[in-house]
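# Descriptive structure summary
One letter stands for each residue in the lines below.
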Amino acid sequence: MTDDWPGFEEFPAEAELPPDGMSRRRFVQLLGASLALAGLGACMERPRERILPYVTSPPDVEPGTAEWYATSMTLGGYGIGLLVKSREGRPIKIEGNPDHPASLGAAGIYQQASLLQLYDPQRSKRLRQDRKPSDWQSFVSQFAPASLRGRVGQRGEGLHFLLEPTASPLLASLLGRLRDLYPNVSVHLYAPLAYSGQRTAAVTAFGAALMPLYDVRQADVILAVDSDFLGSGPFHLRYARDFAERRRPSSPDGSMSRLYAIEPVPSVTGTSADHRLRARAGDLEGILGAIAAQVILGPSGGPEGLPDAMAAVLDRYRRDERNPGWVPEIARDLAAAGHRSAVVVGESLPPRVHLLGHLVNLALGNIGTTIRYVKRPLIEPETGHDGLATLVEAMQAGAVHTLVMLDANPAYTAPAGLDFRRALGRVGETVSLGLFEDETGRLSQWHLPLAHYLESWDDCRAYDGTAGLVQPLIAPLYGGKTVAQVLGAFLGEGDWSSHDLVRAQWSGHWGKADAPERWNEAVQRGIVSDTAFSPLTPLPRWNDIAAALGPRLNQGAGGMELVFQADPCVYDGRFANNAWLQELPDPMTKLAWDNAALVSPATARRLRVETGDELRLRQGGQQLTIAALVHPGMADEVLGLRLGYGRGSGDESLAEGVGVNAYPLRMSETSYSSPGVTIDATGAHHQLARTQTHWGLEGRPIALHTTLAHYREQPNFAREERGSPLSLYRGPPLGSGDQWAMTIDLSACTGCSACVVACQAENNIPVVGKEGVLRSREMHWLRIDRYFTGDAEDPQVISQPMLCQHCEKAPCEYVCPVEATVHSPDGLNEMVYNRCVGTRFCSNNCPYKVRRFNWFDYNAELAETERMAKNPEVTIRARGVMEKCTFCVQRIRQAQIAAGLEGRELHDGEVRTACQQACPSQAIVFGSLTHPNAEVVRRRAEPRSYTVLHELGTEPRVRYLARLTNPNPALQRERDGG
């Protein structure tokens, strides 16, 4: 052992045995209590204002009693409703709010992992001025109107604010008041992942900044054009739920929808599609234009009343000989579905592509059925990155005296064409507010710690306009302030708390008489009733659309094409310091603790590179070096770059030096994709930490799949394919009482990994770092296996959650020499940690490879605040023991105890595992086999139900439902070579 590994010298020489006269049991009890409570009392403080739990609880919280509170988290400007579990005044678990339209009870990876961000010991801890500690009152005095007007004048000339696009009613009100106080103030709105194509296209098409909301439950045919609507975005949790409802053969109307995805880089949505079609980003406009032309013009040349200019534009798209051969089939399928179809265009795409999407949806009559338009909730710049570009131009001209950057990090995320860092040196005084003292914070004269949303009062709006309240569960750990409080300081209201600002905003909205009752209701539920935006009926402006679409841009400029994307784990870099998300494998590449340049197998052969070979990329006078990752399903001659890595704030944070910063290659005018990148192999090699590197199913029935047509012909295909194992031993019948089991529907699973983070948060699963992952020592109890099948260049993808199968005849139990792994009366395969001596026989004997050995005490180096994120209801394991999924046994026992106290039996669905709770598509169902009407029993009875490696006779309690796809028969024949 070397001191490079955590756990070195973890058994100090001063360690003593229990004192004489004290039993071992009593010693362990006292030790556990001291570890759980040591130091936490100094850190924990409830908010001073009254907060209201989501469900009714006793007025005096007893020690050990958990409470749930409703709140919201804002990401990308929009709010997502959450429920947060609190124990003794500290949040310990985040789940979705079932009342909120954007979550419906589910929670994504960012929402769940934000808990760890709250307790991050590297958060900004002090307010400083010019590298010296300061305080809030000094800041308020410096920037209150009476003082600030002496520097920027009565009208605020030279006063500039920079913040992200927001849908917060409170911030909108404060910014409006700020403009009233300082008429010449400039407010710039910028986020690295905010694109203007959708907004610009809506203004052109309808004369207003409208936004489409999709009801994919009503859609029989869906076309996603580089849109990962199932895996990302402010409404993706809802879309995943609605989409999954139409992907089961037992859906209410008995039909299954069909999804086409056209994209350059594989995504969660693309791999969930019946047909995923590869295309360069530069070709997407021409492809969608050809589809629009065939749908609208048809064989008759178009409907009556179609303007000649519009018909001419569409005809140019139709006559383009470069369009793929599958375009007519997609067009025919959409036309046949009529108003029960939907075209979803990715937000990062340019306005012309969005205009074509509007055209198809209008022509098919989707407005009012699968699509409804509402006004955009966001306060945002009208075009692209103009908010930041205008600011930099003013900075370079010396026209900015005071710059206030609120929860923004442009020194890291600014496009390469904007030299933000140099321009910042020409500003008189700079202020930054941030959760971390990041790249921008270190360059600012004033830096203020930002309050985490779990420490804040605030408000937000969901994607459909529904307003939500943010209530804190803990007082600010480091004295952080909200964006609203900083704006309030500039308005002369620096002594107002965030609670006062939010309550004043909504009291004015409700009126004095109703305000107290409505406030309590909104705080308790987390949402403000009846605030969703009403649907609007847009009237298309055909001449403006035709003018915007012609003359047509050149399709496919040639050469290698760069495509920039948000990283599915660290987003735009704001979660780069989150260990849970750094260690979470990318859903597509299974890469952790890194980013890479994604290339197709054919492009890799042309470049003569393999996975791990370093590439030097040059474009626009900028260059970077990054490792290649050969990824099946990539469009040829496309290089995919994930943003959010390569942080360089100069400290020793967890994110420092992890991955490569791709922002320097990103230009403001080509922020999504750009052609013409120059690539050279350096000859060096970089080791990538990937958790899965296989290429096929190895001939075994692991992830079963078939088409809907085949399933209807042979509904028992799953049972026939796996056969019946021979056995000399017939197991005992189900015992009395509850018998726990799980089913996982592969038709509904998108591989989004929400369940993985939920399991980690619930069960105190440690992270091991990149070196540990390279040694295959990751500790996740639940993993998502990703299988490729078919053509290696353009494969189909199947995602399969894999966890302990809780076998009735568990191979691990037979070989354990100390009976550390045993079978419970209710069917759980349990681990008795204090028996385990670390032989690892059980892991060697497990055919599913789901048992994890903790080689080191990964919790030894945790900071005091990081320990506050640990769930006190789950044991923190010592080093040298085997860990695995327990079916969240702590939740089972809590529900059983509660039911026993009430003198009743458990109801079906009363126990929900963490993975089940988080799953947005409801692919995971858990319950007792002794409840005849339980959902888990019903699903197990489906013909497509099967167990993995059934032939071994392990009799798992986890069953899978085979994945069904609904391909277009003509395209399927072409894919099969028929």
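All residue numbers refer to positions counted from 1 along the written sequence of the respective chain. Since the coordinates come from a predicted model, pLDDT governs what is reported: local features require at least 70, and pairs of side-chain atoms require 80 or more to be given and counted, while whole-chain, interface and lining totals use all residues. No hydrogens and no water enter the side-chain calculation; it runs on all heavy atoms of the structure.

## Some details on the overall build of the protein chain
Working definition: helices are DSSP H or I runs of at least four residues, strands are E runs of at least two. Numbering for both runs from the N terminus. Broken down by element type, the protein chain carries 34 helices and 39 strands. In the protein chain, which comprises 978 residues, the proportion classed as buried is 60%. Nonlocal contacts in the protein chain, meaning residues at least 24 apart in sequence, comprise 75% of its contacts between residues at least 6 apart. The Shrake-Rupley method, run with a 1.4 Å probe, gives the accessible areas here. Residue values count only the displayed protein chains as cover. About 37900 Å² of surface is accessible on the protein chain, with carbon and sulfur atoms providing 50% of the total. Whether a residue is buried, partly exposed or exposed follows from its accessible area with a 1.4 Å probe, protein chains only, as a fraction of its type maximum: under 20%, in between, or over 50%, in that order. Contacts between residues were defined by any pair of non-hydrogen atoms, one from each residue, lying within 4.5 Å.

## Focus on the sheet that holds strand β10 (residues 258-263)
Here, a strand pair is defined by DSSP locating no fewer than two bridges between the strands. Taken in spatial order, the four strands make up an open sheet running β11-β10-β9-β12, and their pairing is parallel. Edge positions in the open sheet fall to β11 (275-278) and β12 (341-345), since each of these has one partner strand only. Strand after strand, the sheet turns through a mean of 15° between neighbouring axes, direction not considered. Looking at chain direction, strand β9 (residues 221-225) and β10 are connected through five bridges and run parallel. Its bridge partner lying in β10, Val221 is registered against Arg258. Relative to β9, helix α10 (residues 284-297) is tilted by about 155°, and along the sheet it contacts β9, β10 and β12. Note on geometry: axes are lines fitted to C-alpha atoms, helical ones only across the stretch in contact, with angles between N-to-C directions running from 0 to 180 degrees.

## Quick look at the pairing of strand β31 (residues 796-802)
Within β31, six of the seven residues are buried, which leaves it mostly tucked inside the rest of the structure. Direction of pairing for strand β30 (residues 783-789) relative to β31: antiparallel, over a ladder of seven bridges. For Arg786, the partnering residue across the bridge sits in β31 and is Ser799. From the end of β30 to the start of β31, which pair antiparallel, there are six residues, and Gly790 there has a positive phi angle of about 95°.

## Some remarks on helix α3 (residues 109-118)
Among the ten residues that make up α3, ten are buried, leaving the element largely enclosed by the rest of the structure. Contact partners of the buried residues in α3: β1 (66-75), β2 (78-87), β3 (90-96), α22 (579-583), α26 (754-762) and α32 (914-918).

## Some details on the side chain of Ser799
Secondary-structure assignment places Ser799 in strand β31. Setting aside residues up to four positions removed in sequence, Ser799 forms contacts with Leu746, Cys749, Thr750, Gly751, Ile784 and Asp785.

## Some details on the sheet that holds strand β36 (residues 924-928)
As summarised here, the arrangement of the four strands in space is β36-β29-β38-β37, forming an open sheet in which the pairing is mixed. The sheet terminates laterally at β36 and β37 (945-946), the two strands that pair on one side only. Of the strand pairs in this sheet, strand β29 (residues 740-745) and β36 are connected by five bridges, and their pairing is antiparallel. Residue pairing for β36: Thr743 is matched across the bridge by Val925.

## Digging into the confidence of the model for the protein chain
Close inspection of predicted coordinates is inappropriate in any region flagged by low pLDDT. Confidence per residue, as judged by the predictor, is encoded in pLDDT with a range of 0 to 100. The pLDDT averaged across the protein chain works out to 87; a share of 88% of its residues lies at or above 70. Counting interchain partners and residues more than four positions distant, the pLDDT-below-50 stretch residues 1-22 has 21 contacts.

## Looking at the nonpolar core
The nonpolar side chains of soluble globular proteins are, as a tendency, buried together. The nonpolar core is taken to be a set of buried Ala, Val, Leu, Ile, Met, Phe, Trp, Tyr and Cys residues, with the residues joined through side-chain atoms within 4.5 Å. In this structure, Leu223, Ile262, Ile291, Leu617, Leu639, Leu641 and Phe887 are the most contacted members of the largest nonpolar core, which totals 213 residues. No other element matches the ten residues that α10 contributes to this core. Other than its neighbours up to four places away in sequence, Leu639 contacts Met560, Glu561, Leu562, Val563, Ala597, Leu598, Val599, Leu615, Leu617, Met634 and Ile679.

## Focus on the packing of α3 against α26
Their axes nearest at 9 Å, the elements α3 and α26 cross at an angle of 25°. Between α3 and α26, the crossing angle belongs to the class labelled roughly parallel. The two elements α3 and α26 meet at a crossing, and its hand is left-handed. Facing Ile109, Gln112 and Ala113 of α3, the residues of α26 in contact are Ala754, Val757 and Ala758. Oblique is the label for every angle not falling under 35 degrees (roughly parallel), over 145 degrees (roughly antiparallel), or within 65 to 115 degrees (roughly perpendicular). When the near helix sits turned anticlockwise from the far one by under a right angle, the crossing is termed left-handed; a clockwise turn instead gives a right-handed crossing.

## Considering the packing of aromatic side chains
Aromatic contacts are taken between Phe, Tyr and Trp rings whose centres are within 6.5 Å, Trp giving its six-membered ring; a plane angle under 30 degrees counts as stacked, one over 60 as edge-to-face, and the others as tilted. Per the counting criterion, the structure on display carries 25 aromatic pairs. For the pair Phe229 and Tyr239, a centre-to-centre distance of 6.1 Å together with 75° between the ring planes defines the contact as edge-to-face. Taken together, the positions of Phe229 in the loop between β9 and α8 (236-245) and Tyr239 in helix α8 put the pair ten residues apart, joining distant regions of the chain. For Tyr239, a relative accessible area of 5% corresponds to the buried category. An aromatic cluster is built from Tyr78, Tyr214, Phe229, Phe235, Tyr239 and Tyr463, whose rings are joined through pairwise contacts. Cation placement over rings: the criterion is NZ of Lys or CZ of Arg within 6 Å of the ring centroid and within 35° of the ring normal. Lys125 extends its terminal NZ or CZ atom over the ring of Tyr478, reaching a point 5.1 Å from the ring centre. Taking the ring centre of Tyr412 as reference, the NZ or CZ of Arg647 above it sits at 4.6 Å.

## Some remarks on unusual backbone geometry
Keep in mind that most residues, glycine aside, have a negative phi and that most peptide bonds are trans. Here the phi dihedral of Asp226 falls at roughly 45°; this positive angle occurs in a residue that is not glycine. Judged by relative accessible area, Asp226 falls into the buried class, the value being 10%. For His806, which is not a glycine, the phi torsion comes out positive at approximately 50°.

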